[in-house]
Structures are given as C-alpha cells and as structure tokens.
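Each chain is listed here by its residues.
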Amino acid sequence: MLDALMVSLLVTTDLPPDTELAEFGQLVADAVQTLQHGEVTYPGFLRGAAFWLDRPAPPSDDGLPLPVTEELRFAALLGYLSASSPSGSAKETAADAGRAITAAVAARYGDLGSPPAVMAIRSEDVRERTPASAVPVRTTDAVPELATAATRVYV
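Residues numbered from 1 in each chain as written. Predicted model: local features only at pLDDT ≥ 70, side-chain atom pairs only at ≥ 80, totals over all residues. Heavy atoms only, no water.

**Observations concerning the overall build of the chain**
Phase 1 of the analysis: Secondary structure assignment for the chain yields four helices and six strands.
Phase 2 of the analysis: Listed N to C, the secondary structure of the chain is β-α-β-β-β-α-β-α-β-α in terms of helices and strands.
Phase 3 of the analysis: Expressed as a percentage of contacts within the chain between residues at least 6 apart in sequence, the contacts between residues at least 24 apart total 85%.
Phase 4 of the analysis: On the chain, roughly 8500 Å² of surface is accessible, and the fraction owed to carbon and sulfur atoms is 54%. (Helix = DSSP H or I, 4+ residues; strand = E, 2+ residues; numbered from the N terminus. Contact = heavy atoms within 4.5 Å. Areas by Shrake-Rupley, 256 points an atom, 1.4 Å probe, with all protein chains shown as cover.)

**Quick word on the environment of L78**
Phase 1 of the analysis: Locating L78 in the fold gives a position in strand β4 (residues 73–83).
Phase 2 of the analysis: Overall, the relative accessible area of 4% leaves L78 in the buried class.
Phase 3 of the analysis: Sequence separation between L78 and A120 is 42 residues, and the spatial gap between their C-alpha atoms is 9.9 Å.
Phase 4 of the analysis: The residues contacting L78, other than those within four sequence positions of it, are L9, L10, G48, A49, F51, I121, D125, V126, R129 and T130. (Buried < 20%, exposed > 50% of the residue type's maximum accessible area, 1.4 Å probe, protein only.)

**A few points about the packing of helix α1 (residues 21–31) against helix α2 (residues 90–109)**
Phase 1 of the analysis: Following both chains from N to C, one finds α1 and α2 inclined at 135°, their axes separated by 8 Å at the closest point. The angle between α1 and α2 places the two elements in the oblique class. Between α1 and α2 lies a crossing of right-handed hand. Together, E23, F24, L27, V28 and A31 of α1 and A100, I101, A104, V105, R108 and Y109 of α2 make up the contact between the two elements. (Axes fitted to C-alpha atoms, helices over the stretch in contact; angles between N-to-C directions. Parallel < 35°, antiparallel > 145°, perpendicular 65-115°, else oblique. Left-handed = near helix turned anticlockwise from the far one by under 90°.)

**As for the pattern of salt bridges**
Any two side chains of opposite charge can pair, given that their charged atoms come close.
Phase 1 of the analysis: For the structure shown, the criterion picks out five salt bridges.
Phase 2 of the analysis: Here R108 and E23 are joined by a salt bridge, their closest N and O atoms 2.5 Å apart. Taken together, the residues span a long stretch of sequence, with R108 in helix α2 and E23 in helix α1 at a distance of 85 residues.
Phase 3 of the analysis: E23 sits in the partly exposed class, given a relative accessible area of 30%.
Phase 4 of the analysis: Between D96 and R99 there is a salt bridge, with the nearest N and O atoms lying 2.2 Å from each other. Pair noted here: D96 and R99 are both in helix α2, with a separation of three residues, about one helical turn.
Phase 5 of the analysis: You can call D96 buried: its relative accessible area is 2%.
Phase 6 of the analysis: Linked by salt bridges that have partners in common, R122, E124, D125 and R129 make up one network. (Salt bridge = Lys/Arg side-chain N within 4 Å of Asp/Glu carboxyl O.)

**Quick word on α2**
Phase 1 of the analysis: Under the 1.5 Å per step criterion, the end-to-end length of α2 is 28 Å for 20 residues, consistent within 8% with the ideal 28 Å.
Phase 2 of the analysis: By the burial criterion, the buried members of α2 are T93, A94, D96, A97, G98, A100, I101, A104, V105 and Y109.
Phase 3 of the analysis: Of the residues flanking the start of α2, the one acting as N-cap is S89, its side-chain oxygen 3.3 Å from the backbone nitrogen of K91.
Phase 4 of the analysis: Positive backbone phi, at 80°, marks G110, one or two positions downstream of α2. (Expected span 1.5 Å × (residues − 1). Polar contact = N/O pair within 3.5 Å; in protein donor to acceptor, adjacent residues only side chain to side chain.)

The following block contains the structure:
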C-alpha cells in the first residue's frame, strides 16, 4: 500500500483567450503525474475542476458575435492532490506541484507574463468554492492507490 499525502490545491493563471478550459484542466492534472523533489521523483494524482475566474464578454447590442479579443483570460483549478511525497510536507509537495504545473503551462502556452500561482489551501475551500459549472479533470494513467485516495476526499 502506497503512503499518500493529501494536499488541497488552488491553481490560477492567465491563459490565451481561445484556450479550451478542459484542455487547461487536463494539462494541470497530467502535469502532476510525476513530481520531483530534489533528485527524487515520485507519483502524484490530481482530481479537481477547472473554471474561468473572469466574467465572459458581455453580449453585443446588435446580437452579433463580439470580435475575439487578444486579452488574456483568468482561469483556476481547485482540487485534491494525492502524492507519495518523500518530504511528507504539504508545503513542499505543493511547491513540487507548482514547478511541474508551471513548466507544463509554459511549454503549452508560452510566456504569459507571469507563472501560474499554485498554493495549498483548506480542503473546505475546494468543496465550497468550486462552481457547479466547473469542468472536472483527473490525472490520466495514475498510480491506482493515489487515485483511490484522492477520490475518497473529493466525493
């Protein structure tokens, strides 16, 4: 049996305006599949939901679609990270996840002006602040024990 550390996470970042929310969420979830702490790698699993934090563009007065804007959009993901962390510390595990997520977002979307913010939060915040319209995501090809641990907390 794998010893799993549970960390509730909030991830926020700016994204290009044409970004698919589900793609962003899956990118973040898959980024934590293998985490690194110093020279040691360890498995992770994230189950959560992605959503937009900014307001959608207001409808045009004439009913026609608005032109696509070049402004970045602000997205978030709330979820539970289950990891077999060698440090045993939620703070260090969140930092390891932050490095992996930052690298994945930069590789996919390029320089967005600032890196994603990744922080450990209270588990109640995940449950209370995830909007009903959020897009559910989970790490693919995860270690089964980690997926089971995160699922128990999520539901």
